[in-house]
Amino acid sequence: MIEIGGIQKTTLIDYPGQVAATVFLIGCNFRCPFCYSAELVLPEKIKSQPRLSEEDFFKFLKERQGLLEGIVICGGEPTINKDLPEFIKKIKDLEYLVKLDTNGSNPQMLRKLIDEKLIDYVAMDIKAPKEKYGMVTGGKASLKDIEESVKILKEGKVDYEFRTTVLPTVHTKEDIINIAKWIGPAKSYFLQNFRAEKTLDQKFEKIKPYPEELLKEIQKEISPYFEVCKARV
Ligand code: SF4
């Protein structure tokens, strides 16, 4: 059973080029201290998070057919749900495009969703350069799985982007350059500036984001590794 923690009924920015809705699935296998979604990640907060039933979710999708083009499946981490393929099949049956947001921790599920043509676009988070991955994900990531997911996406069977939320005290400019060298050459990579809002570890709420200029400077430097490379500031 899929547990739905909420829905954003319309978004013009989460699915490139499409008018979409975003569905937030409950649960995550990482513990990134700067995560914005503690209510979908920490068991003690998940308990008090309201749920949306699958029935109500699909009722909403039927009502919006023709008005929305895509559905973004976000978390938490959607691929921890073994029922995800069935859930997406039901969305595809209603003729929506599907974008998956993932931390890349489940390459087997990613492969299955691509092979069964259940997803049209994937945004995969690259949390840090290799040597910092464990620290940045609360010790939960398997680098082997992350690298396998990167490899699967780079096969180009589905449209994709890699992306990194960049923040002071976690990433240096050198770290981002190391990420680019690690995952590049690749189709697209986006740097996203950190927003100082509610975070899983509250001490990150006080961190000031990097100035836009610095992100743009890094973006220029790593652009040769990607067909498309932008800073979302
Ligand atoms: S930021 Fe980290 S902890 Fe939060 S949902 Fe994404 S992968 Fe999970």
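Look a little higher up for the structure.
Summary of the structure given here. (Residues numbered from 1 in each chain as written. Predicted model: local features only at pLDDT ≥ 70, side-chain atom pairs only at ≥ 80, totals over all residues. Heavy atoms only, no water.)

## Regarding the overall build of the chain
Rules: Numbering of helices and strands runs from the N terminus, with a helix taken as a DSSP run of H or I at least four residues long and a strand as a DSSP run of E at least two residues long. Atoms considered for the radius of gyration are the C-alpha atoms alone. The globule rule reads 2.2 Å times the number of residues to the power 0.38. Only protein chains enter the calculation, and the probe is 1.4 Å; a residue is then buried if its accessible area is under 20% of its type maximum, exposed if over 50%, and partly exposed in between. For this analysis, residues touch if any pair of their heavy atoms sits within 4.5 Å. Using the Shrake-Rupley algorithm and a 1.4 Å probe, accessible areas are obtained, with residue cover drawn only from the displayed protein chains. Charge convention: Lys and Arg are scored as positive, Asp and Glu as negative, and His as well as the terminal groups of each chain are ignored. The location of each charge is read from NZ of Lys, CZ of Arg, CG of Asp or CD of Glu.
Summing up its helical and strand segments, the chain has nine helices and eight strands in all. In summary, the chain has a C-alpha radius of gyration of 17 Å against a globular reference of 17 Å for 233 residues, a match within 12%. In terms of its C-alpha atoms, the chain occupies a principal-axis envelope of roughly 45 × 40 × 30 Å. Across the 233 residues in the chain, those meeting the buried criterion constitute 52%. Look at the contacts in the chain between residues 6 or more apart in sequence, and 71% of them connect residues 24 or more apart. Element-wise, carbon and sulfur atoms account for 52% of the exposed surface of the chain, whose accessible area totals about 11100 Å². Considering the chain, the positive charge centre built from 37 side chains and the negative charge centre built from 36 side chains are found 2 Å apart.

## Considering the packing of aromatic side chains
Our working rule: Planes of paired rings set the category: under 30 degrees apart is stacked, over 60 is edge-to-face and the rest tilted, where pairs are Phe, Tyr or Trp rings (Trp by its six-membered ring) whose centres lie within 6.5 Å.
Across all of its chains, the model carries 10 aromatic pairs by this definition. Each ring, one from Tyr36 and one from Phe194, has its centre 6.0 Å from the other, and the planes form 20 degrees; the classification is stacked. In this pair, Tyr36 is assigned in the loop between strand S2 (20–25) and helix H1 (38–41) and Phe194 in the loop between strand S7 (186–193) and helix H9 (212–222), connecting sequence segments 158 residues apart. According to the relative accessible area criterion, Tyr36 is buried, its value standing at 18%. Through a chain of ring-to-ring contacts, the aromatic side chains of Phe57, Phe58 and Phe87 assemble into a single cluster.

## Topic: the sheet that holds strand S6 (residues 159–166)
Here is the rule we go by: When DSSP locates at least two bridges between a pair of strands, those strands are taken to pair. Here, axes are lines fitted to C-alpha atoms. For helices the fit covers the stretch in contact, and angles between N-to-C directions go from 0 to 180 degrees.
With mixed pairing, eight strands are arranged side by side in an open sheet as S1-S2-S3-S4-S5-S6-S7-S8. In the strand order of this sheet, the two ends are held by strand S1 (4–11) and strand S8 (226–232), each with one partner. Across this sheet, the average inter-strand angle for adjacent strands is 20 degrees, counted without regard to direction. Of the strand pairs in this sheet, strand S4 (residues 97–102) and strand S5 (residues 121–125) are connected by four bridges, and their pairing is parallel. Of the residues in S5, the one forming a bridge with Lys99 is Tyr121. With respect to the sheet, helix H3 (residues 54–63) is in contact with S1, S2 and strand S3 (70–74), its orientation differing from that of S1 by roughly 10 degrees.

## Brief notes about unusual backbone geometry
A cis geometry characterises the amide bond from Gly75 onward to Gly76, with omega recorded as 5 degrees. Along the polypeptide, Gly76 turns up in the loop between S3 and helix H4 (84–93). Cis geometry marks the peptide bond from Gly184 to Pro185; its omega dihedral reads -5 degrees. The phi torsion at Lys117 lies on the positive side, around 55 degrees, for a residue other than glycine. Turning to its location among the elements, Lys117 is positioned in the loop between helix H5 (107–115) and S5. A residue is classified by how much of its surface remains accessible, and Lys117, at 66% relative accessible area, is exposed.

## Regarding the pairing of S4
Working note: regular strand, side chains alternate between the two faces of the sheet. Operational definition: Seen with its strands pointing away from the viewer, a crossover is right-handed if its path from the first strand over the helix to the second goes clockwise.
With five of six residues buried, S4 is to be regarded as a mostly interior element. What joins S3 to S4 is H4, and the crossover it makes is right-handed.

## Describing the site of the ligand
Short version of the rule: Residue proximity to a molecule or strand is established when one non-hydrogen atom of the residue lies within 4 Å of it. For this classification, the nonpolar set comprises Ala, Val, Leu, Ile, Met, Phe, Trp, Tyr, Cys and Pro, the charged set comprises Asp, Glu, Lys and Arg, and every other residue, Gly included, is treated as polar.
Every residue close to the ligand is listed here: Cys28, Phe30, Cys32, Cys35, Val41, Gly76, Asn103 and Lys127. Class assignment of the residues belonging to the shell around the ligand gives a composition of five nonpolar, two polar and one charged.

## Quick look at the packing of H4 against H5
This is how the line gets drawn: Put simply, angles under 35 degrees are roughly parallel, angles over 145 are roughly antiparallel, angles from 65 to 115 are roughly perpendicular, and the rest are oblique. Crossings are assigned a handedness: left-handed for a near helix turned anticlockwise from the far helix by less than a right angle, right-handed for a clockwise turn.
Where H4 contacts H5, the axes come no closer than 11 Å and their chain directions differ by 30 degrees. As judged from the angle between their axes, H4 and H5 are roughly parallel. Our pair here, H4 against H5, has a crossing hand that is right-handed. Residues Leu84, Pro85 and Ile88 of H4 form the contact with H5, whose participating residues are Met109, Lys112 and Leu113. A class-by-class count of the residues in the contact of H4 with H5 yields five nonpolar, no polar and one charged.

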